[in-house]
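Results of the structural survey
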Amino acid sequence: MNGPLSFNPSVLSHTASWPRWWLWAVVGMMVSLSWTVPFIPWWAGLGSGLCAVLTLTILAFYARRQHEERPLEGEEVLGGHDAKQVLDQVDALMSPSKDIEQIPQVDEVLQNMAADNQRRRLEDLMRRWVDVAQRYSEAALVLRKDIYSVIKQTEQAANTIASSFEAVINKATIQARQAMELLEGTQGATSDGVPQSLKDFIQVSDERLNKMADEVVRVADLSVNMVRELDGVQSRTQAIDGFLLDVEKLADQTSLLALNADIEAARVGEHGRGFSVVASEVRRLSKRSHEFSDRIRVHLKEVRTGLSKTYGNMRMLSAADMEHALQIKEDVVSLTRSLEDKNREVAETVSCINEISKEIAQDVRNVVVSLQFHDITSQKLSGMLEPMDDLRRSLYHLMQETINLDKSLLKNLPNNERWLSRMRDEPAPGSAAKPMKNAVQEARTIHQATDNGPAVELF
Amino acid sequence: MATILTVDDTASMRQMISFTLHSVGHEVIQASDGQEALKVIEGKKVDLVIADINMPNMDGITLLKSLRALADYKFTPILMLTTESQEAKRQQGKVAGATGWIVKPFNPEQLLTVVKKVLG
Amino acid sequence: MAIDMRQFHQTFFEESFEGLTVMEAELLRLERTACAGGQDTVSADPEILNTIFRSAHSIKGGSSTFGFGDVAAFAHVLESRLDALRDGRSLPDRRVVGLLLLAVDCLRSLIIAAKTGKDADKNAIEAVRLQLENLGIESGVLPVTGKTSTQPEASTTTHWRILFRPNPRMFCTGNDPLRILRELAGLGKLKTTADVSGLPSWEQLNPEECYLSWNVELVGSVAREAIADVFSWVLDDCRLDITSKTMPVPTLSQRSVAEAVASIDAHTDTLRVSVPKVDALINTVGELVITQTMLSQLTANFTFDNLSKLFAGLEQLERNTRELQESVMRIRMLPLSFAFNRLPRLVHDMSQKLEKKVELIISGEQTEIDKTVIDRLIDPLLHLVRNSLDHGIEPPAERVAAGKSQTGTIELKAYQKSGNVIIEIRDDGRGLRHDRIFAKAVEQGLIPADAKLSPDEISELIFHPGFSTAVTVSDISGRGVGMDVVRSNIHSLGGNVEIASQAGQGACFIVRLPLTLAILDGLSLQVGTHIYILPLVSIVESVRIVPDQVSRPAGGGELYGLRKEYLPLLRLSDLFHVVPRSTDLTQGLLVIVEADGKKAGLYVDDLLGQQQVVIKNLETHYRKVDGISAATILGDGTVAMILDVTGLIRMAHAGATRPTPALHGHIQDAGRHTGTMAPTIN
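So, a few notes on the structure that sits alongside this text. What you are looking at is a predicted structure, and each value in this text was computed from that prediction instead of being measured. (Residues numbered from 1 in each chain as written. Chains lettered and ligands numbered in written order. Predicted model: local features only at pLDDT ≥ 70, side-chain atom pairs only at ≥ 80, totals over all residues. Heavy atoms only, no water.)

Attention now goes to the overall build of chain A. When helices and strands are counted, chain A shows eleven helices and zero strands. When each of the 459 residues of chain A is scored for burial, the buried share is 25%. Once local pairs closer than 6 in sequence are excluded, the contacts in chain A between residues at least 24 apart make up 80%. Of the roughly 31800 Å² of accessible surface on chain A, 61% is carried by carbon and sulfur atoms. (Helix = DSSP H or I, 4+ residues; strand = E, 2+ residues; numbered from the N terminus. Buried < 20%, exposed > 50% of the residue type's maximum accessible area, 1.4 Å probe, protein only. Contact = heavy atoms within 4.5 Å. Areas by Shrake-Rupley, 256 points an atom, 1.4 Å probe, with all protein chains shown as cover.)

Below is the structure:
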């Protein structure tokens, strides 16, 4: 161990780390400083000397540090291995018992050690790569599932919204139309002239009521006329009464005359007999005319009573009629007015409805624009899938090639078959661009992708 | 009034287009991809085609080319539905003979204006 | 209506022309306030707009009443635009003001057409009317924020020319040019011409290809983007050229405007008379009647004793007749503003046309002068101002380079002096270019090349017939029929024109017109028993003399210290050899007068009052007298001398307080002459 050619590697490393230039610099500085000693106070020289030494030391320290960071060849070779083993090996090689020819084996050993180390590092890197790929692959699959499900969900939601929206719009339209119909009625009257729309109704009612009122007024008018007629009749009966009196007077006078004639006849005697007959006939006639006039009078009286009764009734009736008619007319007018008000309200409501319909139209437009969200989002999401899959596939190929290079690399890796096969899995062709319409197909696809892995839940 | 064919694999999209066009009285035929579209127009006369670009089975550009190859649809206006990011596709469409394009999402008023513009 | 409206037409025309003048003046004022503000948009003074609106409104009303349909229609459009402006619904910017000025021109020419029966330039007027109407459309669009928005091409009525040549394969994309054209028609007024030159022969014709191309003209408020939009789908499938031609507004050429101007102003055969003048006339007539009655009375019972009375009466009659004549003549006097009123517009239009900035300053326009003189003065004045604008004032850049302000000034000054009316046209431009004048004169053979001429003589050269140094002949000037005609015109009026010029500083044209008959606003003052008239314009103030302010310097004469300055004190009594009422300075008044920047104090006995007097030229009746510019006859027949303030001041400053004794005698002679001679009326 402590042969003539033995060396302490630590010493090597020790001295090697102190740069030689440092030594020379210190010496040189001392020499130059010594020249100044006579000219400056001793403590100044000492002080500057110390400072210089310090500076140089620090510089050297840093330089050494730098040097240390770069792994020296020696360390490389030796790192990771048991130093003792190596030393033993080297010593074994370097022992004087061995042949000179075997010295080159030192290189070989060193080289082997280097290769071994390299190999170990490669393996390490490989492991890390694999780890990453594995994790990415898993994540990718999950992401893909998620995207699919998002697309599916939004599609369902969009479809539902769209159908519901369309239904709502239709119903709203129907409602509006019904309301309008209710308020305005359908256009035109039916064949039997019965008005259908409220407006028509109002119009016709108004007409009819007016007509009725007019009729009533006319009737009232007629009765007034009749009253006038009756008045005329009444006065005529009175006239007749007057005549009757005259007639009676006449009859009386005739009777008196007849009596006188009788008397004269009696005076005359025989010759006056024909005359007295005539006179008594005349007397009888006048009596009869009296009777007639009495009878006429009685009739007249009846007529008069009847007439006055009728007159009274008529009067009452006509007054009542007129009043009634005017009342009716007023009622009709107010009814018409309230009907018109109603109509106006209806018109306002109609225009309200129209306004709302217009607003609805605007809202509809907004909704139509917004409902296209599903299409856009699904496109964009699908757009993401392609690069993801590309990446996965590239990784897979890369891994495959790497493995092919050196199968032995894998022997230390955990779960190598699983992750490899998992990486190999590709989603079903064609669905990379867009999700399938058919839900079943879709489920199958997703299932395919996770064949070898844990089951994925679809909701 | 006119018969319009709308082709899009998104149901909601087709729904919105039909709804808008119906409101002015057009008749709308729907198809969910290019192949179905070609099948569905057999025996009918279509005045205008509105087609999406990205569809399974047969995409919009291919449908466009197939339609243009038919004698009946050589001069029929065909409008492509596209998102802004697909400038390249738009160029492709133009080369293939598209009449024009509508950008998604579309405003129903705009759609109606364009349809009127194209149907005369 | 049975009433013949024609008798009222004349009134309508005059009123309308006046209204147009007012509108023009106000529009120019509107623009000036904008210039002062330094912005393009004008913060409109509502009163200005109201005035303009009212004028337009009355013209419209009048013209429709009298059945001048064209005028009424145009005035209606103008009125509605003005209404929008004054309501603040739109902003008047410079462009709008320019358009309105143009509209005023159109209206004027329409009215002239209605008056003379000749036709106006219908196309130009139609164009302006269209622009006015479009003004209404777009003005409603402009936001009233007061900011000048960068006007995109869109908001004006533009005239687009579109060349549309579709590729043969256009149909294959399902596009139809017909639909595209129909869409264009929805944007504005469309005029298409199809170009069928691409059509091949029948056998070669493929019905599935497009061989036609179209030239489309689209007029309307359309933006280029809107047009490009229509073609957006087919941009790659066709050749498309969109060019804009803003509709050229056919400006009624300056010439026609000037003609219009000339035709009105020269031929109004009516007169505006101020009421006091008519009153004076009536008074005079009254006096005449009195005199005539007296005379007839005298002659009725004539005896030779009454001969002297007869003579006196006849003298009186003569005086009255003279006065009557003068009153009538006075009626014919008009202020010079009538001659000047076209100038602001001219300067405005021309300065815009020539792209120079010019400001016109007018002073003394209330100086009165006979109507015929004014009528014949307008053209020469116009020409002189035009010359200033064209040759004198430099473009703004040149002015700045020469160290002057960007805006050039043309000053028009009118005043009376020593029996003349002087009109000065002064500009601060580059002055007369003597070298060019010389060269041109040599070129035209007016002078030999080696002639040695003084600057004044060179200036005189421009008055030669046919002379012009303008390089290009424009319809503004340069035809060489200018200056000599000006001179002869002025000569025919009895005046003359002179030039004073300084190279680089400016030129000044001085037109002198004799006072054949002119009126002066004067202050009558009394010295002793004589009455003198002092022109009001020269009077600064009158003060009571404070004796300790009077100082007598060694050289003679008197000085009066008024506030900070010392003025020579001139005793008119000494000057004119008149016995004053009192030599005590405190008894009278000191009238401070000013002329040519110098002041003096005139000591007088009394100030009688202000009156207008008719100036009678001394020179024609007698001869020139220092210190007196003219004479006048007062209402009561006495002669009063009108003082020549410039002359007096000169005398005062020269220290000559003791004029030659002969002066007084002259004056008395003059008075006698003027009093007895019949006035010659030119």
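Okay, back to it.
Our focus in this paragraph is the overall build of chain B. Helix and strand counts for chain B come out as five helices and five strands. Mapped from its N terminus to its C terminus, chain B presents α and β elements in the order β-α-β-α-β-α-β-α-β-α. Across the 120 residues that make up chain B, the buried fraction comes to 58%. A fraction of 62% describes how many contacts in chain B between residues 6 or more apart in sequence connect residues 24 or more apart.

All names here are of chain C. Here Ser274 shows up in the loop between α8 (254–267) and α9 (275–300). Here Ser274 falls in the partly exposed class, since its relative accessible area comes to 35%. Note: C-alpha distance between Ser274 and Leu334 (60 residues apart in sequence) is 9.7 Å.

Another aspect to go through is the interface of chain B and chain A. On the chain A side, the residues contacting the 20 residues of chain B number 20 residues. When chain B packs against chain A, the two sides together hide about 1800 Å² of surface, and 61% of this comes from carbon and sulfur. Of all residues in chain B, Gln15(B), Met16(B) and Phe19(B) bury the most surface against chain A, accounting for 32% of the area lost on that side. Between Glu109(B) and Arg365(A) there is a salt bridge; the shortest N-O distance is 2.4 Å. Here chain B and chain A share six residue pairs in polar contact (both at pLDDT 80 or more) between them. Contributing elements (two or more residues each) for the side of chain B that touches chain A: α1 (11–22) and α5 (108–119) of chain B. Among the elements that take part in the side of chain B that touches chain A, α1(B) stands out by supplying seven residues, more than any other. Along the lines of polarity and charge, the residues of the side of chain B that touches chain A split into seven nonpolar, eight polar and five charged. (Buried area = accessible area lost by both parts, 1.4 Å probe. Salt bridge = Lys/Arg side-chain N within 4 Å of Asp/Glu carboxyl O. Polar contact = N/O pair within 3.5 Å; in protein donor to acceptor, adjacent residues only side chain to side chain. Nonpolar A, V, L, I, M, F, W, Y, C, P; charged D, E, K, R; others polar.)

Turning our attention to the sheet that holds strand β10 (residues 496–502) of chain C. All names here are of chain C. In space, the five strands of this open sheet follow the order β6-β8-β9-β11-β10, with mixed pairing throughout. Looking at the sheet topology across the chains shown, the edges are occupied by β6 (358–363) and β10. Strand-to-strand, the axes of this sheet are offset by a mean angle of 15°, without reference to chain direction. Of the pairings in the sheet, the one linking β6 to strand β8 (residues 408–417) comprises six bridges and is parallel in character. Note that in β8 the partner of Ile362 across the bridge is Leu412. (Pairing = 2+ DSSP bridges. Axes fitted to C-alpha atoms, helices over the stretch in contact; angles between N-to-C directions.)

With that settled, consider the interface of chain C and chain B. Facing the 14 residues of chain C at the interface are 18 residues of chain B. Of all residues in chain C, Thr173(C), Arg179(C) and Trp233(C) bury the most surface against chain B, accounting for 48% of the area lost on that side. On the surface where chain C and chain B come into contact, there are one salt bridge. Between Glu183(C) and Lys117(B) there is a salt bridge, with the nearest N and O atoms lying 3.5 Å from each other. For the pair chain C and chain B, the number of links is four residue pairs in polar contact (both at pLDDT 80 or more). At the level of secondary structure, the elements contributing two or more residues to the side of chain C that touches chain B comprise α6 (177–185) and α7 (224–230) of chain C.

As a further point, take the pattern of salt bridges. Residue and element names in this part refer to chain C. Under the defined criterion, the tally for this structure stands at 36 salt bridges over all chains. Note that Glu79 and Lys60 form a salt bridge whose closest N and O atoms lie 2.9 Å from each other. Of the two residues, Glu79 sits in helix α3 (residues 69–86) while Lys60 sits in helix α2 (residues 46–65), which places them 19 residues apart along the sequence. Each member of the pair Glu79 and Lys60 is classed as buried. Put simply, Glu24, Asp105, Arg108, Arg345 and Asp349 are held in one network by salt bridges that share partners.

What follows deals with the nonpolar core. If you look at the biggest cluster of nonpolar residues, it comprises 45 residues, and the most contacted ones within it are Leu336(C), Phe340(C), Ile423(C) and Leu513(C). Broken down by element, the residue count for this core peaks at nine residues, all from helix α13 (residues 371–392) of chain C. If we skip the residues at most four places from it in the chain, Phe340(C) touches Ile362(C), Glu365(C), Leu381(C), Leu412(C), Ala414(C) and Ile423(C). With 42 residues, the next largest nonpolar core counts Ile169(A), Ile102(B), Val216(C) and Val234(C) among its residues. (Core = buried A, V, L, I, M, F, W, Y, C linked by side-chain atoms within 4.5 Å.)

Residues and elements named next belong to chain C. Where α3 meets helix α4 (residues 94–116), the axes come as close as 9 Å, and the angle between the chain directions of the two elements is 160°. The angle between α3 and α4 places the two elements in the roughly antiparallel class. Handedness of the crossing formed by α3 with α4: left-handed. Contact with α3, carried on its side by Asp70, Val71, Phe74, Ala75, Leu78, Leu82 and Leu85, involves Val96, Leu100, Ala103, Cys106, Leu107, Leu110, Ile111 and Ala114 of α4 and no other residues of that element. For the contact of α3 with α4, the residue count by class is 14 nonpolar, no polar and one charged. (Parallel < 35°, antiparallel > 145°, perpendicular 65-115°, else oblique. Left-handed = near helix turned anticlockwise from the far one by under 90°.)

Let's shift gears to the pairing of strand β16 (residues 558–562) of chain C. Residues and elements named next belong to chain C. Among the five residues in β16, four count as buried, and that is most of the element. Across two bridges, the pairing between strand β15 (residues 550–551) and β16 is antiparallel. Within the sheet, the bridge partner assigned to Ser551 lies in β16 and is Leu559. Linking β16 back to strand β17 (residues 565–571) in an antiparallel pair, the connection comprises two residues, with Arg563 at a positive phi of about 50°.

Now for α5(B). Side chains of residues three or four places apart in an α-helix project in the same direction, reflecting 3.6 residues per turn. Spanning twelve residues, α5(B) covers 16 Å between terminal C-alpha atoms, matching the ideal 16 Å at 1.5 Å per step. Note on α5(B): the residue one or two positions beyond its end, Gly120(B), has a positive phi of about 80°. (Expected span 1.5 Å × (residues − 1).)

To continue, consider the packing of aromatic side chains. In this description, a pair of aromatic rings is defined by centroid distance and the angle of the planes. Applying the stated criterion across every chain yields a total of eight aromatic pairs over all chains. Over the ring of Tyr603(C) we find Arg571(C), and its NZ or CZ is 5.7 Å from the ring centre. (Phe/Tyr/Trp six-rings, centres within 6.5 Å; stacked < 30°, edge-to-face > 60°. Lys NZ or Arg CZ within 6 Å of the ring centre and 35° of its normal.)

Moving on, we come to unusual backbone geometry. Despite not being glycine, Glu355(C) has its phi angle at roughly 55°, a positive value. Position of Glu355(C) relative to the elements: it lies in the loop between α12 (343–353) and β6.

This brings us to the side chain of Lys277(C). All names here are of chain C. For Lys277, the position within the fold is in helix α9. Of the polar contacts made by the side chain of Lys277, one reaches the side chain of Glu368; its length is 3.5 Å. If near-sequence neighbours (up to four positions away) are discounted, Lys277 is found in contact with Arg330, Ile331, Met333 and Glu368.

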